[in-house]
Amino acid sequence: MREHGPRVAPAPQAAGWPATWRTALDARTGEGTTIDVHGHLWPEELVDALRRRSSVPRLEGWVLHLDGEAPLRLNPDDHDVVLRGSLEPDSRGLCLLSLSSPLGIESLPTAQAAPLLDAWHAGVARLPEPFAAWASVAGTEPDLQQLKHHLQTRFVGLQVPASWLATPSLLETHAPTLAVCEAEGRPVFVHPGPAGLQQASRLPAWWPSVVAYSTQLQAAWWSWHQVGRSLMPDLPICFAAGAGLAPTHHERLVARGGAVGRIDRGVFVETSSYGRQAIDALTRVLGVDGIVLGSDRPYGRPVDAEALGLGRAAARAIESTNPRRLLLGGTP
């Protein structure tokens, strides 16, 4: 594992960020308002595109059909822009929306992935505040010029499925895509990918989220620390759901012959699905500066950072200061 983090915290490029977003981020986080780095809301364009499909991933009305998961009935209110916006904690906060990687869109053949990705980008780009969004890209023959355009205009960074980072060699395969983000000074958000479970209908409904997704995130964490930082020394990266609590296994890593270097200030984990016990454990390994607020709304709710018992300064860091540093650079 690498002994250090990014050489220099990436500085935002003035020409890249839309002025309104940069102004909003500066003003809001300067006043301590929240940035939720992980939310979901499907714009009408994506919903319509999924309903036109005859194979997975597809929507039949509001029933979602995926490969390796049981059919899931969605609540249409979860994708209503006005209703969702009213749930954000204050009128000046931000919620960063990500394409649901368990859909498997990024892993489809290029011809199938392209119209769905176009629908995603077109739909979320028109959403009003408090919403901003992560870009996505196909895993096969990715359009890196289009990705660069997204990063230079309306999108805060790139989301990738954790399954792309399942092993060090897979991470190396996708390194050219990640390197576009490094060059643009934009972060990468690692989100669970398709569950890919056998006989999913015979498993409890919680199984994909608790078992498959957590396992993916743990593998991605170890792949990143094995080869990712050496390949991309200046890339900010954030792992969903506490990286499946992989950081809490650092003691086991050492016990099995591995090594833990100094804390990497360019690596973050977000809090979705976890509360006081897990976040306390993560802070003992990574420190408060490595933790950012993520809700996974509508599938979860944002944790009350002040109720974690870490103190008001830590709560402000998790909700505001750290997410801002993930997006715009800077030092703790």
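You'll find the structure just up there.
Scoring rules and cut-offs
Residues numbered from 1 in each chain as written. Predicted model: local features only at pLDDT ≥ 70, side-chain atom pairs only at ≥ 80, totals over all residues. Heavy atoms only, no water. Helix = DSSP H or I, 4+ residues; strand = E, 2+ residues; numbered from the N terminus. Areas by Shrake-Rupley, 256 points an atom, 1.4 Å probe, with all protein chains shown as cover. Core = buried A, V, L, I, M, F, W, Y, C linked by side-chain atoms within 4.5 Å. Buried < 20%, exposed > 50% of the residue type's maximum accessible area, 1.4 Å probe, protein only. Contact = heavy atoms within 4.5 Å. Salt bridge = Lys/Arg side-chain N within 4 Å of Asp/Glu carboxyl O.

1. Some points on the overall build of the chain
- Broken down by element type, the chain carries 10 helices and 11 strands.
- Taken as a whole, the chain presents about 14300 Å² of accessible surface, with 52% of it coming from carbon and sulfur.

2. Considering the nonpolar core
- In terms of nonpolar packing, the biggest core is built from 82 residues, with Trp 42, Val 190 and Phe 239 touching the most fellow members.
- Top contributing element to this core by residue count: helix α4 (residues 110-125), with 6 residues.
- Among all residues touching Trp 42, those that are not within four sequence positions of it are Val 47, Leu 50, Leu 59, Leu 64, Leu 74, His 79, Ser 100, Leu 103 and Tyr 299.
- Grouped together as the second largest cluster of nonpolar side chains are 5 residues, Ala 195, Leu 197, Ala 212 and Tyr 213 included.

3. Let's talk about the pattern of salt bridges
- Counted under the stated rule, the structure contains 6 salt bridges.
- We note a salt bridge from Glu 45 to Arg 126, for which the minimum N-O separation is 2.9 Å. Here the residue Glu 45 occupies a position in helix α2 (residues 44-51), and Arg 126 occupies one in the loop between α4 and β6 (131-133), the gap between them amounting to 81 residues.
- With a relative accessible area of 44%, Arg 126 lands in the partly exposed category.
- Residue Arg 229 pairs with Asp 264 through a salt bridge whose shortest N-O separation is 2.8 Å. Here Arg 229, found in helix α7 (residues 207-231), pairs with Asp 264, found in the loop between α8 (250-255) and β10 (267-270); they are 35 residues apart in sequence, far enough to count as distant.

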